[in-house]
Amino acid sequence: MAVGDAAGLVDPITGEGLYYAIRSADLAAKALLSEIGDLAGQAYRRMLRHDFAGDLEFGSRLAKRVFLGRFLYGSVPARMVQFTRSSPGFAGIMQDLFAGTQSYIGLKRRLIENLNGSLLEIAMNASLHRLVPGRVRA
């Protein structure tokens, strides 16, 4: 049974793999303890799919849009960094994405639910930068 990077379990957008390495090793151990021989491999693959493999597949389809897409006259990664700096709400979503606790399948819904608050935070942050002379951006 391959786990982590050896099994290709790396987030296609964030490049994060530590969570998936640890989680897949945990699932492999559970499969080995509960099944014998080839059944352990089948159980492991089933647990991976149930736990997160489907979400990583969805993320791989989304990756092209993220890396090659445009949003508000800029690249999507540039806007993601800008929004993360300017909006604590958006930063929380990105933090959960990197931690492996926010699935790609549920990401769109969560972004839409937090859109108004994030846009308000971004607008307020932009206004603050204009109102306070010499303020250095983080």
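Sequence order as written defines the numbering, with residues in each chain counted from 1. Selection of residues for local features in this predicted model requires a pLDDT of at least 70, selection of side-chain atom pairs for listing and counting requires 80 or more, and totals for whole chains, interfaces and linings are taken over all residues. Hydrogens and water molecules were not included; the side-chain quantities draw on all heavy atoms of the structure.

**Re the overall build of the protein chain**
No. 1: Per the secondary structure count, the protein chain includes six helices and two strands.
No. 2: Segments assigned H or I by DSSP are reported as helices when at least four residues long, segments assigned E as strands when at least two residues long, and all are numbered from the N terminus. Its helices and strands taken in sequence order, the protein chain reads α-α-β-β-α-α-α-α from the N to the C terminus.
No. 3: Residues counted as buried form 32% of the 138 residues belonging to the protein chain.
No. 4: A 1.4 Å probe and the Shrake-Rupley method give the accessible areas. Residues count as covered only by the protein chains that appear here. Carbon and sulfur atoms make up 62% of the accessible area of the protein chain, which totals about 9100 Å². Residue burial is assigned from relative accessible area. The probe radius is 1.4 Å, only protein chains are included, and a residue is buried under 20% of its type maximum, exposed over 50%, and partly exposed in between.

**Details of the packing of helix α3 (residues 76–86) against helix α4 (residues 88–99)**
No. 1: Between N-to-C directions, angles span 0 to 180 degrees; the directions come from axes that are lines fitted to C-alpha atoms, helices contributing only their stretch in contact. Two numbers describe how α3 lies on α4: the axes approach to 6 Å, and their chain directions differ by 120 degrees. Relative to α4, the element α3 lies oblique. α4 is crossed by α3, and the crossing has left-handed handedness. Together, M80, F83, T84 and S86 of α3 and P88, F90, A91 and M94 of α4 make up the contact between the two elements. Oblique is the label for any angle not covered by the other classes, which are roughly parallel (under 35 degrees), roughly antiparallel (over 145) and roughly perpendicular (65 to 115). By definition, turning the near helix anticlockwise from the far helix through less than a right angle yields a left-handed crossing, and turning it clockwise yields a right-handed one. Contact between two residues is taken to exist if any of their heavy atoms lie within 4.5 Å; hydrogens are not considered.

**A few points about the nonpolar core**
No. 1: In this text, buried Ala, Val, Leu, Ile, Met, Phe, Trp, Tyr and Cys residues form a nonpolar core when linked through side-chain atoms within 4.5 Å. With 12 residues, the main nonpolar core is built from I13, A63, V66, V76, F83, F90, I93, M94, L97, Y104, L107 and I122.
No. 2: At the level of secondary structure, the elements contributing two or more residues to this core comprise α2 (38–68), α3 and α4.
No. 3: Look past the residues within four positions of V76 in its chain and what remains in contact with it is R65, V66, G69, R70 and F71.
No. 4: Of all hydrophobic cores here, the second largest spans 11 residues; its members include L9, L27, A28 and F52.

**Some remarks on α4**
No. 1: A rise of 1.5 Å per residue sets the reference length of α4, with its 12 residues, at 16 Å; its end C-alpha atoms lie 16 Å apart and thus fit the reference within 8%.
No. 2: Taken residue by residue, α4 has F90, G92, I93, M94 and L97 as its buried positions.
No. 3: Note on α4: the residue one or two positions beyond its end, G100, has a positive phi of about 85 degrees. Working rule for helices: expected span equals 1.5 Å times residues minus one.

**Focus on a nonpolar patch on the surface**
No. 1: Residues enter a patch when their relative accessible area is above 30% and they make no salt bridge; the linking distance is 9 Å between like charges and 5 Å between nonpolar side chains (Val, Leu, Ile, Met, Phe, Trp, Tyr). The rule for a salt bridge is simple: a side-chain nitrogen of Lys or Arg has to be within 4 Å of a carboxyl oxygen of Asp or Glu. A surface patch of nonpolar side chains, about 410 Å² in accessible area, is lined by F71, L72 and Y73.
No. 2: With respect to the secondary-structure elements, L72 resides in the loop between β1 (70–71) and β2 (74–75).

**Topic: the environment of T84**
No. 1: Mapped onto the elements, T84 comes out in helix α3.
No. 2: The partly exposed category is assigned to T84, whose relative accessible area is 29%.
No. 3: A sequence separation of 34 residues divides T84 from S118, and the C-alpha atoms of the two residues are 9.4 Å apart.
No. 4: With near-sequence residues (within four places) excluded, T84 lies in contact with F90, A91 and M94.

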